[in-house]
Structures are given as structure tokens and as C-alpha cells.
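Here is what each chain is made of, one letter per residue.
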Amino acid sequence: MKDFVDGTAFNNEQGNRARKLFAAVVLAALDDAIADDKKYGNGPEQIARWARSRDGREVLSCAGIDPNERVVEGLMEFVGKGVRTSVALSREESERRNAAQQAEAA
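Computed from a prediction, not measured in an experiment: that's the story for all the values here.

Enquirer: Would you mind going over the overall build of the protein chain with me for this structure?
Expert: When you go through the protein chain residue by residue, the secondary structure sums to 6 helices and 0 strands. Seen in sequence order, the protein chain has helices and strands lined up from the N terminus as α-α-α-α-α-α. For 106 residues, the compact-globule estimate of 2.2 N^0.38 gives 13 Å, and the protein chain exceeds it by more than 25% at 17 Å. In terms of its C-alpha atoms, the protein chain occupies a principal-axis envelope of roughly 55 × 40 × 20 Å.

Enquirer: What's the story with helix α3 (residues 54-62) in this structure? I'm lost.
Expert: Because the α-helix completes a turn every 3.6 residues, residues three or four places apart line up on one side. If you check which residues of α3 are buried, you get G56, V59 and L60. Down the axis of α3, the buried side of the element spans an arc of 100 degrees, and every buried residue falls inside it.

Enquirer: Help me understand the packing of helix α2 (residues 43-52) against α3 in this model?
Expert: Each packed pair of helices is defined by two parameters, the angle between the axes and the distance between the axes. Two numbers describe how α2 lies on α3: the axes approach to 4 Å, and their chain directions differ by 80 degrees. The angle between α2 and α3 falls in the class roughly perpendicular. Residues W50, A51 and R52 of α2 touch α3, and the partners they reach there are R54, G56, R57, V59 and L60. Its residues assigned to classes, the contact of α2 with α3 comprises 4 nonpolar, 1 polar and 3 charged.

Enquirer: When you look at the nonpolar core in this model, what are you seeing that I'm missing?
Expert: Soluble globular proteins: nonpolar side chains tend toward being buried together. Core analysis: the largest hydrophobic core is formed by 14 residues, its most contacted members being V26, L30, I47, A51, L60, L75 and V79. For this core, the secondary-structure elements that each account for two or more residues are α1 (2-39), α2, α3 and α4 (69-81). Here the element with the most residues in this core is α1; it accounts for 5 residues. Contacts of V79, omitting those with residues within four sequence positions, involve L30, A33, I34, D37, G43, P44 and I47.

Enquirer: Help me out: how do you make sense of the pattern of salt bridges in this one?
Expert: Once the charged atoms of two side chains with opposite charge are near each other, the side chains can pair. Scanning the model with the defined rule gives 3 salt bridges in all. Its salt-bridge partner being R17, residue E13 comes within 3.9 Å of it at the nearest N-O pair. One end of the pair, E13, and the other, R17, are both in helix α1, 4 residues apart, so they sit about a helical turn from each other. Overall, R17 belongs to the partly exposed group, its relative accessible area being 48%. The salt bridge partner of E77 is K81, with a shortest N-O separation of 3.8 Å. Here K81 and E77 lie together in helix α4, a separation of 4 residues that amounts to about one turn.

Enquirer: Teacher, can you tell me more about the side chain of D31 here?
Expert: Along the chain, D31 falls in helix α1. For the buried residue D31, which engages in no salt bridge, the nearest side chain bearing the opposite charge is R84, 4.0 Å off.

Reading guide: rules and limits
- Per chain, residues are indexed from 1 in the order of the written sequence.
- pLDDT decides what is reported in this predicted model: residues at 70 or higher carry local features, side-chain atom pairs at 80 or more are listed and counted, and totals for whole chains, interfaces and linings draw on all residues regardless.
- Hydrogens and water are ignored here; the side-chain numbers use all heavy atoms of the structure.
- For helices the rule is a DSSP run of H or I covering at least 4 residues; for strands it is a run of E covering at least 2, with both sets numbered from the N terminus onward.
- Only C-alpha atoms enter the radius of gyration; for comparison, a globular chain is expected to reach 2.2 Å times N to the power 0.38, where N is the number of residues.
- A 1.4 Å probe rolled over the protein chains alone gives each residue an accessible area, and that area as a share of the maximum for its type sets the label: buried under 20%, exposed over 50%, partly exposed in between.
- To obtain the arc, one takes the directions from the helix axis to the C-beta atoms.
- Every axis corresponds to a line fitted to the C-alpha atoms, with the helix fit spanning only the stretch in contact, and the corresponding angles, defined between N-to-C directions, vary from 0 to 180 degrees.
- Should an angle lie under 35 degrees it is considered roughly parallel, over 145 roughly antiparallel, and from 65 to 115 roughly perpendicular; all remaining angles are considered oblique.
- Contacts are assigned to residue pairs with any non-hydrogen atoms lying within 4.5 Å of each other.
- Any residue that is not Ala, Val, Leu, Ile, Met, Phe, Trp, Tyr, Cys, Pro, Asp, Glu, Lys or Arg is counted as polar, Gly included; the first ten are nonpolar and the last four charged.
- Think of a nonpolar core as a cluster: buried Ala, Val, Leu, Ile, Met, Phe, Trp, Tyr and Cys residues, connected wherever their side-chain atoms sit within 4.5 Å.
- We define a salt bridge as a side-chain nitrogen of Lys or Arg found within 4 Å of a carboxyl oxygen belonging to Asp or Glu.
- Positive charges come from Lys and Arg, negative ones from Asp and Glu, while His and the chain ends are left out of the count.

Below, the structure is given as C-alpha cells:
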């Protein structure tokens with residue numbers, strides 16, 4: 001029984017690592033689309049084309065993201081904002097956005 005539990009925990013951990021790896025690929029695709037948007041002005045179209053492609057759907061699925069049209073629209077909106085993923089995921093950016101939202105609400 002102990003071996004089964006250890007094996008299950010190991011497989012679960014491996015699955016989580018793989019999911020994180022594919023999530024990193026999604027973040028890299030977003031950064032590439034943002035760079036394309038700044039350079040050529042077609043970033044949202046690029047990320048939409050990638051997300052709707054067979055490879056893009058496969059990567060999104062492996063990252064634990066359901067590759068539906070709502071997700072594609074969200075990716076396009078994110079790229080349209082032009083904020084790189086490393087900045088968007090930082091605590092400072094999160095605090096700045098929250099402060100801006102609170103200022104709008106007041």
C-alpha cells in the first residue's frame with residue numbers, strides 16, 4: 001500500500017511539473033505576441049492564430065487551460081494591453097492595478 005501511495009504522489013508531482021512547463025510555454029507565446037504587437041501591430045491576431053491552432057490547443061490543454069473561444073479572447077485582450085508577462089505577474093504591478101481600481105471606484 002505504501003508503494004502505491006508513493007507512486008501516486010510521484011506521478012501527481014510529475015504531472016504538476018509538466019503543467020508548469022506548458023504554462024511557461026504559454027507565457028512565452030504571450031511575450032512573443034506582445035513583442036510582435038509592438039513591432040508589427042498584429043499581436044492579438046498572432047496569439048489568436050496560435051491559440052486556435054492544433055499545437056496551441058494542445059499546449060493550452062497540457063497547461064491546464066481549456067482552449068475555448070473565451071480563453072482566446074482573454075489572451076487577445078492581454079496582448080492588446082501590452083504588459084509583458086513578467087511585469088504582469090509581479091507583486092508591484094498587482095498592487096499598482098489594485099490601487100488604480102480603488103481610485104476609480106472612489
